Amino acid sequence: MLSIVEIDYGTPKATSKTTVELQVDGKTVRVPQGTSVMRAAAQAGINIPRLCASEMLDAFGSCRLCLVEIEGRKGYPASCTTPVSEGMTVSTQTPRLADLRRGVMELYISDHPLDCLTCPANGHCELQDMAGVVGLREVRYGYEGANHVYAKTPAGEANPRFVAKDESNPYFTFDPSKCIACSRCVRACDEVQGTFALTIQGRGFDSKVAASQDNRFLDSECVSCGACVQACPTATLSEKSLIDKGQAEHSVVTTCAYCGVGCSFRAEMKGEDIVRMVPNKDGQANHGHSCVKGRFAIGYASHPERITTPMIRAKISDPWKVVGWDEAFAHVASEFKRLQAAYGRQAVGGITSSRCTNEETYLVQKLVRAGFGNNNVDTCARVCHSPTGYGLKSTLGESAGTQDFDSIEQTDVVLVIGANPTDAHPVFGSQMKQRLRAGARLIVIDPRRIDLVRSPHIQADYHLKLKPGTNVAVLDALAHVIVTEGLVDEAFVSARCEPEAFAKWRAFVAQDKYSPEAMEAETGVPADLVRGAARLYATGGNAAIYYGLGVTEHAQGSTAVMGIANLAMATGNIGREGVGVNPMRGQNNVQGSCDMGSFPHEFPGYRHVSDVATRALFEKAWGVPLLGEPGLRIPNMFEAALDGSFRGLYIEGEDIAQSDPDTQHVTAALSAMECIVVQDLFLNETAKYAHVFLPGSSFLEKDGTFTNAERRVSRVRKVMAPKAGYADWEITQKLAQAMGYPMHYSDASEILDEIARLTPTFHGMSFDKIDQLGSVQWPCNEEHPNGTPVMHVDEFVRGKGRFMLTEYVPTSEKVNAEHPLILTTGRILSQYNVGAQTRRTANVMWHDEDRLEIHPHDAEERGINENDWVGIRSRSGDTVLRAMISERMQPGVVYTTFHFPGSGANVITTENSDWATNCPEYKVTAVQVTRVNQPSDWQKRFHAFSDQQQDLLEQAQSADTLGPA
Amino acid sequence: MNIERLVTMANDIATYFTVEPDHAVAVEGVRDHLTKFWDPVMRRQLKAYLEQGGEGLVPLAREGVEKLILPPIAGN
Ligand code: SF4
Ligand code: SF4
Ligand code: SF4
Ligand code: FES
């Protein structure tokens, strides 16, 4: 079912600049060439009846309801498949058309149940609407004959055509008795999502929809994106929440709080209750599509485990004590002041998260810099994309991706390195697949055979299956081919880049040691594949690079990012549509949290704290002197905690005890601190080490903005009151006040206004501007009042582009006899990061535990069978998971996800980190894998500790008569 | 802080700049990186360590650390 507020124009918008004029029912309309007659009519306010057409899909022409008469043409063409032409005269309503349409509807209704009043789609069913529109008054065929509607024939026998409801998917049902075989669902799955999970089987009256090989939905290829549910004109495919709750009465536009695609949604509401989330057709990042997380996995927001009252305790072995907000604020303020008085101003700090809004992150760093008086603030982007910031700033001059998502429509060669868009950025993954099916070429650089390498109607031209940890070697080899085979775009380089740096770089990568042949032994990639990929990238037309954490989370993460920027500059693939360097951001607001100055060395807008003019600007605005020296990064905070100089930490929305590497080191550091304040929805892993818990609000309970991977700033809108009473920005503000630092925002918009005043790339940004334009890509200022889809157009942000030298340095994490395998980590579609949200939804039906993927050869050597418990040991620690034998892995490499805390994936990862930013080397850990029959010691301790903490929480809750049960 | 961690991190930085053909630029690269991204406490500790011998620091790291200009100790 379509959104309750959207209008469907029937066929996709045409993009042509040439326009055509025609007459529809006597009205004159002018539309772009290539527009369908149906859409042209809709634009003139004339709705032609239709069933198989939808704006999200290509016209199909199967239902024959949208017939029209066109002067000078014979017959009754379908308006959805007929393009307009100059001077055309169309009649949409004639007696003959009315007859034909009634005939069509009569056939449909004769094989459809008549239980409209109790149907979940009642009032928003397109079949019902069409019956009304064409004036259907009787159905002459009766219901006794062949039908799909009734389980039994009138004689009481089983009806062979009847198929029972499929309720296997946790979020939607499929009721074939209501299906009109319009194939909108099939086409949505193919064209929009690109999964090809549905088919129409049979012909004519026998045709029916089936999920792959007649499986139940849950057992099929279906990834539960919901595109088919949205496309279905009847109640055949319906959200379970819609069936349970009935239809929404209002709808609010907001932004998904999961991944960096930043999909725009309409939250369809009944009062403060969400009936369903429908992706916004006008959403500029997602154009009406979404994935299973954003559309369906929102139940965590009302999960019973949410904590809604502040709590404090003196020691982590004490039960929690429920307190009022004022007491909690006063307690934190007095603790932090005490710690600063005893151990120095540097003894406390704060961590913000990519899950926070821009406004929240801005306030946390402001509280730290102005309220605590130091620069000890960091964000979880430290552990994912900090190398992107460093690498792109050094080469291009700005710490952000260069394009918008739609730029891919102009791309001829897509290069994906260390990213898995179909799992981690599903909606953009679908857009990428559309472009690939339409003919763009594809290069994948990844140790695993990710889905993109081969999926329906897509086959990568090159898959460079490199050994983990050799990204820079492969990038240098690609550069070597480009330089030595004369593939450099000399005109671009001489006009746009620093000549000395380029000359140095050219000589550097031209060295024989970087030839694909010389690198082959190191990278494991056959030289001819590298040469082929380099030639394709350099000469195949518009080439765009998409990269993810498989690039950044390495000891040479920053070097690899610079290597990527070098390739783009050398081939002139930057500064226009269809090209560019695109970091795929993991969490929803990674870009925003970095933009907002949450790194210890820089103010909002990536300005170093030592910059005198910037500091003066902030000192004046904030009314206090500010420090001009960088503060502690997250791993530095841990070290400082262990040596006793860092004692108090305010953490908003981040779960470092699960997400950061070398868990035992992290928990030792947390245990060494005196006052840890966690602001979150749940008692997460870090909160188990906390002394103060401040209950936060979900994205549904507050106002603010998120910035997605394409620098697009979109609104988050409050659709219900905060469950614990305050939006997160209000909590930070109250904390600041309690510390004696004044903050007096009455609304989140005032925070963005302050950011805009103080940040040149945000000068033109405001809630009003975003409301007007839907969303805005920064820079948004005097020069770019409506934002900037493509950056570095005429010149680079830093002026001239700078080539950086990128020597390949093998990681110190090496396999040896004791640890002969390489472990690399990643994520999957249905779960999100540490899983605190998605684990509390039905998404666990797709992924209920983290597994160790291992190649059959390595498994056999160790006597490991599918589902066996296996111990994984590194020099940091060990854990136990169940094995999954998989040829997606190369021999010698094992893989796991990190969505469940008890899996302990990060017990194994080491303290190794990127040289420039200390982003951890999650992607390469030397391990041994053996068959075992019991959990690891760490897991036993973990479970005992978790159980104890759960008890301490329950004690608090039973003591609190007003709190949640 | 754990001095071994600081030494490893400083060496990682120096390793990146080793490839720079102009030695003075490389030394400045290390110094500048440490100054921009390291808390003064860590810089101070590393410099003091170097002054006591600086065992384990690679040559380019030694030179970069040597050139560090330390800010006065921040008051409480
Ligand atoms: S939910 Fe998505 S993947 Fe599943 S059948 Fe529908 S469109 Fe296809
Ligand atoms: S399930 Fe819905 S969209 Fe699919 S063919 Fe049937 S009526 Fe059409
Ligand atoms: S998780 Fe990402 S792709 Fe899925 S709906 Fe949310 S923003 Fe879109
Ligand atoms: S809407 Fe045109 S044929 Fe169905």
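Refer to the structure printed above.
Residues numbered from 1 in each chain as written. Chains lettered and ligands numbered in written order. Predicted model: local features only at pLDDT ≥ 70, side-chain atom pairs only at ≥ 80, totals over all residues. Heavy atoms only, no water.

I keep staring at the overall build of chain B and nothing clicks. Help me out?
The number of helices and strands found in chain B is four helices and zero strands. What you see in chain B, going N to C, is helices and strands ordered as α-α-α-α. At 12 Å, chain B has a C-alpha radius of gyration in line with the 11 Å of a compact globule built from 76 residues. A principal-axis box enclosing the C-alpha atoms of chain B has dimensions of 45 × 20 × 20 Å. In chain B, which comprises 76 residues, the share counted as buried stands at 49%. (Helix = DSSP H or I, 4+ residues; strand = E, 2+ residues; numbered from the N terminus. Rg over C-alpha atoms; globule rule 2.2 N^0.38 Å. Buried < 20%, exposed > 50% of the residue type's maximum accessible area, 1.4 Å probe, protein only.)

Where do I start with the site of ligand 1 in this structure?
In the vicinity of ligand 1, the residues found are F172, C189, L198, F217, C222, V223, S224, C225, G226, A227 and C228 of chain A. The residue makeup of the shell around ligand 1, split by class, is nine nonpolar, two polar and no charged. (Near = heavy atom within 4 Å. Nonpolar A, V, L, I, M, F, W, Y, C, P; charged D, E, K, R; others polar.)

What is the right way to read the nonpolar core from this model?
A general tendency of soluble globular proteins is for nonpolar side chains to be buried together. Residue and element names in this part refer to chain A. Ranked by size, the top nonpolar core spans 64 residues in total, and within it L237, V414, M432, L442 and F699 carry the most contacts. Tallying contributions element by element places helix α12 (residues 426–437) first for this core, with four residues. There are two domains that each give this core at least three residues, and those are domain 2 (323–382 + 590–774) and domain 3 (386–583). Aside from chain neighbours lying at most four places away, what touches M432 is I408, V414, V416, P421, L452 and Y546. Ranked by size, the runner-up nonpolar core spans 62 residues in total, among them L339, V377, F603 and F767. (Core = buried A, V, L, I, M, F, W, Y, C linked by side-chain atoms within 4.5 Å. Domains from an automatic or database assignment. Contact = heavy atoms within 4.5 Å.)

Please explain empty space enclosed by the protein as it appears in this structure.
To find leftover empty space, one rolls a probe the size of a water molecule over the atoms. Residue and element names in this part refer to chain A. What the rule picks out here adds up to 10 cavities of 30 Å³ or more. Size it by volume and the second largest cavity reaches roughly 250 Å³. Lining of the second largest cavity is provided by 21 residues; of these, R355, G653, L681, S697 and K702 occupy positions nearest its centre. (1 Å grid on protein atoms, 1.4 Å probe; cavity = no way out; pocket = protein on both sides within 12 Å on 5 of 7 lines; lining within 4 Å. Points joined across faces, edges and corners; volume = space filled by probe spheres on them.)

When you look at the site of ligand 3 in this model, what are you seeing that I'm missing?
Residues and elements named next belong to chain A. Residues in contact with ligand 3, as listed here, are C256, Y258, C259, G262, C263, F265, S290, C291, K293, G294, P426 and V427. Mapped by element, the contributors of at least two residues to the shell around ligand 3 are α7 (292–296) and α12. When its residues are assigned to classes, the shell around ligand 3 shows eight nonpolar, three polar and one charged.

Could you clarify how one ought to interpret helix α9 (residues 358–372) of chain A in this entry?
Given 3.6 residues per helical turn, the α-helix brings residues three or four places apart onto the same face. An ideal rise of 1.5 Å per residue puts 21 Å on 15 residues; α9 of chain A measures up with 20 Å between its terminal C-alpha atoms. Looking one or two residues past α9 of chain A, G373 of chain A carries a phi angle of roughly 80°, positive in sign. (Expected span 1.5 Å × (residues − 1).)

How do you make sense of the sheet that holds strand β12 (residues 311–312) of chain A when you look at a structure like this?
All names here are of chain A. As summarised here, the arrangement of the seven strands in space is β13-β12-β27-β26-β25-β14-β15, forming an open sheet in which the pairing is mixed. Looking along the sheet, the strands with just one partner apiece sit at the ends: β13 (321–322) and β15 (377–379). Taken together, the two bridges between β12 and β13 define a ladder with antiparallel strand orientation. When the bridges of β13 are listed, M311 appears paired with V322. (Pairing = 2+ DSSP bridges.)

Sorry, what's going on with the interface of chain A and chain B here?
Where interface size is given, it is often the accessible area lost as the parts come together that is meant. Each partner contributes residues to the interface: chain A has 29 residues there, and chain B has 25 residues. Interface of chain A and chain B: buried area, both sides summed, is about 2400 Å²; carbon and sulfur atoms make up 59% of it. Interface area lost by chain A to chain B is led by E629, E639 and W915 of chain A, which between them contribute 24%. On inspection of chain A and its partner chain B, the count reaches two salt bridges. Note that R43 of chain B and E629 of chain A form a salt bridge whose closest N and O atoms lie 2.8 Å from each other. Applying the counting criterion to the chain A and chain B interface returns eight residue pairs in polar contact (both at pLDDT 80 or more). Among the secondary structure elements, those contributing two or more residues to the side of chain A that touches chain B are α15 (499–510), α19 (557–570) and α22 (634–642) of chain A. Element by element, the count of residues in the side of chain A that touches chain B is highest for α22 of chain A, at three residues. (Buried area = accessible area lost by both parts, 1.4 Å probe. Salt bridge = Lys/Arg side-chain N within 4 Å of Asp/Glu carboxyl O. Polar contact = N/O pair within 3.5 Å; in protein donor to acceptor, adjacent residues only side chain to side chain.)

Before we go on, may I ask you to explain the pairing of strand β33 (residues 869–873) of chain A in this structure?
All names here are of chain A. Strand direction decides the pairing type here: β33 and strand β34 (residues 878–885), joined by five bridges, are antiparallel. Within β34, the residue paired with G871 across the bridge is V880. Between β33 and β34, which follow one another and run antiparallel, lie four residues.

What am I meant to see in the layout of surface pockets here?
Residues and elements named next belong to chain A. When its volume is computed, the largest pocket comes out at roughly 1400 Å³. In terms of lining residues, the largest pocket is bounded by 43 residues, among which P12, K13, K281, H287 and D406 are the most central. Mapped by element, the contributors of at least two residues to the lining of the largest pocket are α4 (184–193), α12 and β30 (776–777). Top contributing element to the lining of the largest pocket by residue count: α12, with six residues. Taken together, the residues of the lining of the largest pocket break down into 14 nonpolar, 14 polar and 15 charged. Each of two domains, domain 1 (19–93) and domain 3 (386–583), supplies a minimum of three residues to the lining of the largest pocket.

So what exactly am I meant to see when it comes to the packing of aromatic side chains here?
Each aromatic ring pair is described using two quantities: the centre-to-centre distance and the angle formed by the ring planes. Residue and element names in this part refer to chain A. Under the counting rule described, the total for this entry stands at 28 aromatic pairs over all chains. Judged by centre distance (6.1 Å) and plane angle (35°), the ring pair of F172 and F296 falls under tilted. In this pair, F172 is assigned in strand β5 (residues 172–174) and F296 in helix α7, connecting sequence segments 124 residues apart. Assigned by exposure class, F172 and F296 land together as buried. Between F618 and W622, the ring centres sit 4.9 Å apart and the planes meet at 65°, which makes this aromatic pair edge-to-face. Of this pair, F618 and W622 both sit in helix α21 (residues 612–622), four residues apart, roughly one helical turn. Of the residues examined, F618 reaches a relative accessible area of 0% and is grouped as buried. Aromatic rings pair up to connect Y171, F172, F174, F217 and F296 into one cluster. (Phe/Tyr/Trp six-rings, centres within 6.5 Å; stacked < 30°, edge-to-face > 60°.)

Quick question: what am I supposed to make of unusual backbone geometry here?
What you tend to see is this: most non-glycine residues have negative phi, and most peptide bonds are trans. All names here are of chain A. Residues W778 and P779 are joined by a peptide bond in cis, for which omega reads -5°. Note that P779 resides in the loop between β30 and β31 (821–826). The phi dihedral of Y606 falls on the positive side, at around 60°, and the residue is not glycine. As for its placement among the helices and strands, Y606 is situated in the loop between β23 (602–603) and β24 (607–608). Given a relative accessible area of 7%, Y606 falls into the buried group. One non-glycine residue, D662, lies in the positive phi region at around 55°. Relative accessible area serves as the criterion here: at 11%, D662 is assigned to the buried category.

Where do I start with the sheet that holds strand β20 (residues 462–464) of chain A in this structure?
Through backbone hydrogen bonds, the strands of a sheet pair up, either in parallel or in antiparallel fashion. Residue and element names in this part refer to chain A. Judged by pairing direction, the sheet is parallel, and its five strands sit side by side in the order β20-β17-β16-β21-β22 without closing on themselves. Sheet topology places β20 and β22 (580–583) at the edges, where each strand pairs with a single neighbour. With direction set aside, neighbouring strand axes in the sheet form an average angle of 15°. Summarising the sheet, strand β17 (residues 441–445) and β20 pair through three bridges and their orientation is parallel. For I445, the partnering residue across the bridge sits in β20 and is L464. Across the sheet, α12 lies against β16 (413–417), β17 and β21 (543–547), angled at about 140° from β16, the strand it touches most. In this fold helix α17 (residues 527–539) packs onto β16, β17, β20 and β21, with an angle of close to 125° to the strand it touches most, β20. (Axes fitted to C-alpha atoms, helices over the stretch in contact; angles between N-to-C directions.)

Even after reading the chapter, I still don't get a negative patch on the surface, so can you show me in this structure?
Residues D747, E750, D753 and D768 of chain A make up a contiguous surface patch of negative charge. For D747 of chain A, a relative accessible area of 31% translates into the label partly exposed. (Patch = residues over 30% accessible without salt bridge, like charges linked within 9 Å, V, L, I, M, F, W, Y side chains within 5 Å. Areas by Shrake-Rupley, 256 points an atom, 1.4 Å probe, with all protein chains shown as cover. Lys, Arg positive; Asp, Glu negative; His and termini not counted. Charge placed at Lys NZ, Arg CZ, Asp CG, Glu CD.)

Hey, could you run me through the packing of α22 of chain A against helix α24 (residues 663–672) of chain A in this one?
Angle between the axes and distance between the axes are the two parameters that describe a pair of packed helices. Residue and element names in this part refer to chain A. Running from N to C, α22 and α24 point in directions that differ by 55°, and their axes come no closer than 8 Å. Considering the angle they form, α22 stands oblique to α24. Once α22 is placed against α24, the crossing between them reads as left-handed. Here α22 contributes F638, E639, A641 and L642 to the contact with α24, which in turn contributes H665, V666, A668, A669 and A672. Partitioning the contact of α22 with α24 into residue classes produces seven nonpolar, one polar and one charged. (Parallel < 35°, antiparallel > 145°, perpendicular 65-115°, else oblique. Left-handed = near helix turned anticlockwise from the far one by under 90°.)

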